[in-house]
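# Observations on chain architecture
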Amino acid sequence: MLKIGLVGVGGISGAHIPAWDAMEETELTALCDIRPGQMEKYPGKRRYTDFDKMLENEELDILDICLPTYLHADFAVKALERGINVICEKPISLNEEDVARVYGAAEKRHVKFMVAQVLRFWPEYELVRRIYESGKYGALLSGSMSRLGCRPKWSWDGWMLDEKRSGLVPFDLHIHDLDFLVYAFGAPKKATSFRAKRPEQDYINAVYEFGGFFVTTQASWFAAPYPFGAGFLFQFEKAVAAYEGGKLTVYEQNGKVIENAAAGPEKSGVINLPTTNAYANEIRYFTDCVLRDEPADKVKPEQLETVIRLLHRL
Ligand SMILES: NC(=O)c1ccc[n+]([C@@H]2O[C@H](COP(=O)([O-])OP(=O)(O)OC[C@H]3O[C@@H](n4cnc5c(N)ncnc54)[C@H](O)[C@@H]3O)[C@@H](O)[C@H]2O)c1
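The present account deals with the structure reproduced in this document. (Residues numbered from 1 in each chain as written. Predicted model: local features only at pLDDT ≥ 70, side-chain atom pairs only at ≥ 80, totals over all residues. Heavy atoms only, no water.)

This brings us to the packing of aromatic side chains. Applying the stated rule across the entire model yields 20 aromatic pairs. Ring centres 5.8 Å apart and planes at 65° place the aromatic pair Tyr132 and Phe213 in the edge-to-face group. Linking Tyr132 in helix α5 (residues 123–134) with Phe213 in strand β10 (residues 213–222), this pair joins segments that are 81 residues apart in sequence. Ring centres of Phe185 and Phe234 lie 6.0 Å apart, and the angle between their planes is 65°; on these two criteria the pair is classed as edge-to-face. With Phe185 in helix α7 (residues 168–185) and Phe234 in strand β11 (residues 229–236), this residue pair connects regions lying 49 residues apart in the sequence. Overall, the relative accessible area of 12% leaves Phe185 in the buried class. On the basis of relative accessible area, Phe234 is assigned to the buried category, the value being 0%. (Phe/Tyr/Trp six-rings, centres within 6.5 Å; stacked < 30°, edge-to-face > 60°. Helix = DSSP H or I, 4+ residues; strand = E, 2+ residues; numbered from the N terminus. Buried < 20%, exposed > 50% of the residue type's maximum accessible area, 1.4 Å probe, protein only.)

In structure tokens:
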């Protein structure tokens, strides 16, 4: 049985904790948050308000980092240096140099590290990547991706609205779509972007050009109660794949329409995240890598560096 610890019991931990609890091979034994009240709704786990104490007292096989962005790299290195495998929420950092620092720490102790870039584990996004790779519907001609919502108000200490701590819309939101693009299609050849950035809102429109096709993207924190939604539309020579309202539909040239019910429209928690199993998938994948002692290389350091570099130019 692998012993798991999780640090940062805020919004996104609500998607991680049930995934750890549901697996037979793992026991989420310890939680850590500087706000003790955050841990009360999870009985039967040891609770810490001091991360160092958790590391000292627990013999963890895996640490799950769900902390605010600016703490990810330092906390990851601390655990990796103690020989603990680490899965960490996105982004790894706002600084490109941290990628080598964190992966270097993992290598030194022969343990595994992975950033939980969740779209790589999201069935509908993964399907698009597979269609592209297989050439089933011919060449990809164009794509559009969007991730729109309102200014987040739930974060601890308002860290998300502080550019130095969160990186705002590029690093908090748009990173999901850009990471998927780099994962599925490689580094874009060219990026052109427009941004409406004010203290109350942040909106990005970016076009990424790849060899032979382009993808337009948009991401927002609107200063209005616009409901969160994410989706895409990829146009291939012989089909269109559209992910709208939490549902992926493939429209084939021959008139056939394939409705894919992989993701339900259910919602959960304050962030209104769809309850597909992508969070469980990423946690399952990393756990399997640890159990089988295989490299956790679905997320590659050089891809993370490319994404950070591009995000800084938005
Ligand atoms: N993959 C996704 O879909 C997704 C969605 C939302 C957030 N995220 C990422 O998850 C991370 C956390 O975001 P969130 O929305 O859960 O934030 P949050 O503010 O809701 O939660 C962060 C928690 O960390 C705790 N904390 C702060 N400093 C600490 C410390 N030194 N030691 C222990 N605990 C500490 C806070 O008390 C808080 O409970 C961010 O990096 C964000 O980018 C990912």
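And the narrative resumes.
A few words on the state of the cysteines. Following the criterion strictly, the structure yields zero disulfides and no others. Cysteine Cys66 shares no disulfide, and the gap to the nearest cysteine sulfur, in Cys88, comes to 8.2 Å. Free of any disulfide, Cys289 has its nearest neighbouring cysteine sulfur in Cys88, separated by 16 Å. (Disulfide = S-S within 2.5 Å.)

We now examine unusual backbone geometry. Residues other than glycine predominantly adopt negative phi, and peptide bonds predominantly adopt the trans conformation. Across the junction of Lys90 and Pro91, the peptide omega takes the value -15°, indicating a cis bond. Position of Pro91 relative to the elements: it lies in the loop between β5 (85–89) and α4 (97–109). Phi is positive for His110, close to 55°, though the residue is something other than glycine. Tracing the backbone through its elements, the reader meets His110 in the loop between α4 and β6 (113–116). Phi at Leu168 is positive, roughly 55°, even though this residue is not glycine. Residue placement: Leu168 occurs in helix α7.

Another point: the pattern of salt bridges. Under the counting rule described, the total for this entry stands at 24 salt bridges. Glu27 is the salt-bridge partner of Lys3, the closest N and O atoms lying 3.2 Å from each other. Taken together, the positions of Lys3 in strand β1 (residues 2–7) and Glu27 in strand β2 (residues 26–32) put the pair 24 residues apart, joining distant regions of the chain. Using a relative accessible area of 30% as the deciding quantity, one classes Lys3 as partly exposed. Taking the relative accessible area as the measure of exposure, Glu27 reaches 36% and is therefore partly exposed. A salt bridge links Glu25 to Arg284; the nearest nitrogen and oxygen atoms lie 3.1 Å apart. (Salt bridge = Lys/Arg side-chain N within 4 Å of Asp/Glu carboxyl O.)

Between the first and last C-alpha of helix α8 (residues 278–292) there are 21 Å, a value that for 15 residues agrees with the 21 Å anticipated at 1.5 Å per step. Within α8, burial applies to Ala278, Tyr279, Glu282, Ile283, Phe286, Thr287, Asp288, Cys289 and Val290. Asp293 sits one or two positions beyond α8 and adopts a positive phi of about 50°. (Expected span 1.5 Å × (residues − 1).)

Purely geometric stuff here, so don't read any function into it on its own.
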